[in-house]
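Listed below are the residues making up each chain.
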Amino acid sequence: MKAPVATAVAMAVGIVVLVGYFIPLSIFTGLRMLLLQWAIILAGAALFVGMVNLSQHHWARIRARRGVGSAWLVFSLWATFFITFYFAPASLPTRWLFDAILLPASVALLGVLAVSLTVAAVRLPRRRPGLFTILFLTTTVLILLGSIGIPGVGSLPFVSNLLRPWLAQVPAAAGARGILLGVALGTVATGLRILLGSDRPYSE
Amino acid sequence: MISLTTGLTGVLGLAFVVLFALLLVVLRVVKEPRPGRDLRPLRAFTHLRHAVNLTVESGKRLHISVGRGEITHPRVASAFAGLSAAHKMVELSAASDRAAIVTAGTGPLGILARSTLHSAYHTAGHTGRYKAIYGQVSGLTPFSYAAGAAFTAGADDVAVNFLAGSFGPEVALIAENGERHQALTVGGSENIAAQAVLYAAAEESLIGEEVFASGAYLQAGGLHGTSLLTQDIFRWLLVVVILGGALAKLVGVLP
């Protein structure tokens, strides 16, 4: 009985939220806001479940003596949680954690990402030879040249003033809109499959 | 007090969704498209299906990553499409020596990943093989999630990485690590920046709405095939409306 009840509740809640989104009558919008607030509270609880899950996974690695990094991760995760919980999110110690540890680590990974993408771009013609790859790489190089110029020379007159804005505003924007149209239709279809009970990622 | 324009826009939006749903149900009864016959061939899914079958023979595992879309945001739809595909892929490879792993970047998606894995193993008749640890929240910020998922993607026993969900450019770290360890990496997202990055970093990339078609191409059943057909019909309708609008503006019918 568990699955049909869960499906019925999911469908009913989905329909109420959908109607509340489109029909701005206070009864629908009020219900929609209430349900969304519940969803946000549940998402917060799920975040805690996620932390426990992450710890479980790394605890298994620590027990198998395979993870010094895992021990460090579990310690950092719970230390951050308790410091934020005890001192409040806007406090000095919490801000220090974010500014002195999380932010530099993210920036370092951003640097690694730049190198990864350069390596991927170099490998691309060998892995996927063809017209679209040439087009992709040429556009990337032109946009980069138009945005940052050449060290010692500065911005390139034609590329920076005319070519880069045209590439970004005409072909790239047109392509992006076409892609977004398809994504929007895909989003509607996925939502409706869940509303109609065809897809049930929530039922075991 | 609701303005007439707001009310009319809302009713039109709701009518669009209701019409979409009706067509979805009607087409399900009339015609169910099949890959190879009614669906255009997509190399990414042909490779993916082949590789999933090979994982059973080689005793390796699948890694599916569903990104970090917030559950209250429409962007999470691509993760739901990824979870549908994950269900079918896990079902197909349930007999493999090593269990599939699903990584997620938010708590709710982590719970749904575990639920999907449990359901897939149950459908395949291998309920005993499921462990909650196979559905993992690999990190809670964009880069910590990418670092955790990249670690799984690059593990020696992973043969296939399927990345379908809401990602940022950091998805390149996951794809690159999978590629470096000779695992097939197929990736798609609703995010345009992530799509561009995946085109360069993944062996096979899914562009635009292709990520939403994964269920239909993997024959996940249900309404996946017909939803693809419905999307095509509505796409053509929108093309006609856009062109008609542009033409009407050109000749001065519209202000």
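Analysis parameters
- Residues numbered from 1 in each chain as written.
- Chains lettered and ligands numbered in written order.
- Predicted model: local features only at pLDDT ≥ 70, side-chain atom pairs only at ≥ 80, totals over all residues.
- Heavy atoms only, no water.
- Helix = DSSP H or I, 4+ residues; strand = E, 2+ residues; numbered from the N terminus.
- Buried < 20%, exposed > 50% of the residue type's maximum accessible area, 1.4 Å probe, protein only.
- Polar contact = N/O pair within 3.5 Å; in protein donor to acceptor, adjacent residues only side chain to side chain.
- Contact = heavy atoms within 4.5 Å.
- Axes fitted to C-alpha atoms, helices over the stretch in contact; angles between N-to-C directions.
- Parallel < 35°, antiparallel > 145°, perpendicular 65-115°, else oblique.
- Left-handed = near helix turned anticlockwise from the far one by under 90°.
- Domains from an automatic or database assignment.
- Buried area = accessible area lost by both parts, 1.4 Å probe.
- Salt bridge = Lys/Arg side-chain N within 4 Å of Asp/Glu carboxyl O.
- Nonpolar A, V, L, I, M, F, W, Y, C, P; charged D, E, K, R; others polar.

Draft legend 1. Looking closely at the side chain of Glu176 of chain B. Note that Glu176 of chain B resides in helix α6 (residues 171-180). By relative accessible area, Glu176 of chain B is classed as buried at 4%. Here Arg123 of chain A takes part through its side chain, which lies 3.2 Å from a polar atom of the side chain of Glu176 of chain B. Among residues more than four places away in sequence, those in contact with Glu176 of chain B are Ser116, Val119, Ala120 and Arg123 of chain A together with Ala201 of chain B.

Draft legend 2. A look at the packing of helix α7 (residues 171-195) of chain A against helix α9 (residues 224-250) of chain B. Taken N-terminus to C-terminus, the directions of α7 of chain A and α9 of chain B make an angle of 140 degrees; their axes are 10 Å apart at the nearest point. The pairing of α7 of chain A with α9 of chain B is recorded here as oblique in orientation. In terms of crossing hand, the pair formed by α7 of chain A and α9 of chain B is right-handed. Where α7 of chain A abuts α9 of chain B, its residues Leu181, Gly182, Leu185, Gly186, Ala189 and Arg193 of chain A lie against His224, Ser227, Gln231, Phe234, Arg235, Leu238 and Ile242 of chain B.

Draft legend 3. Structural detail: the domain arrangement of chain A. Partitioning chain A into structural domains gives domain 1 (1-64) and domain 2 (128-196). Measuring from the centre of the C-alpha atoms in domain 1 of chain A to the corresponding centre in domain 2 of chain A gives 35 Å.

Draft legend 4. Representation of the interface of chain A and chain B. In this complex, chain A contributes 58 residues to the contact, which on the side of chain B involves 72 residues. Summing both partners gives a buried area of about 5,400 Å² for chain A against chain B, and 73% of it is carried by carbon and sulfur. Linking chain A to chain B there are two salt bridges. Of the charged contacts, one joins Arg123 of chain A and Glu176 of chain B as a salt bridge, the two residues approaching to 3.2 Å between their closest N and O atoms. There are 16 residue pairs in polar contact (both at pLDDT 80 or more) connecting chain A and chain B. Mapped onto the side of chain A that touches chain B, the elements with two or more residues apiece are α1 (2-22), α2 (26-63), α4 (92-127), α5 (131-148) and α7 of chain A. Among the residues making up the side of chain A that touches chain B, the classes are represented as 38 nonpolar, 13 polar and seven charged.

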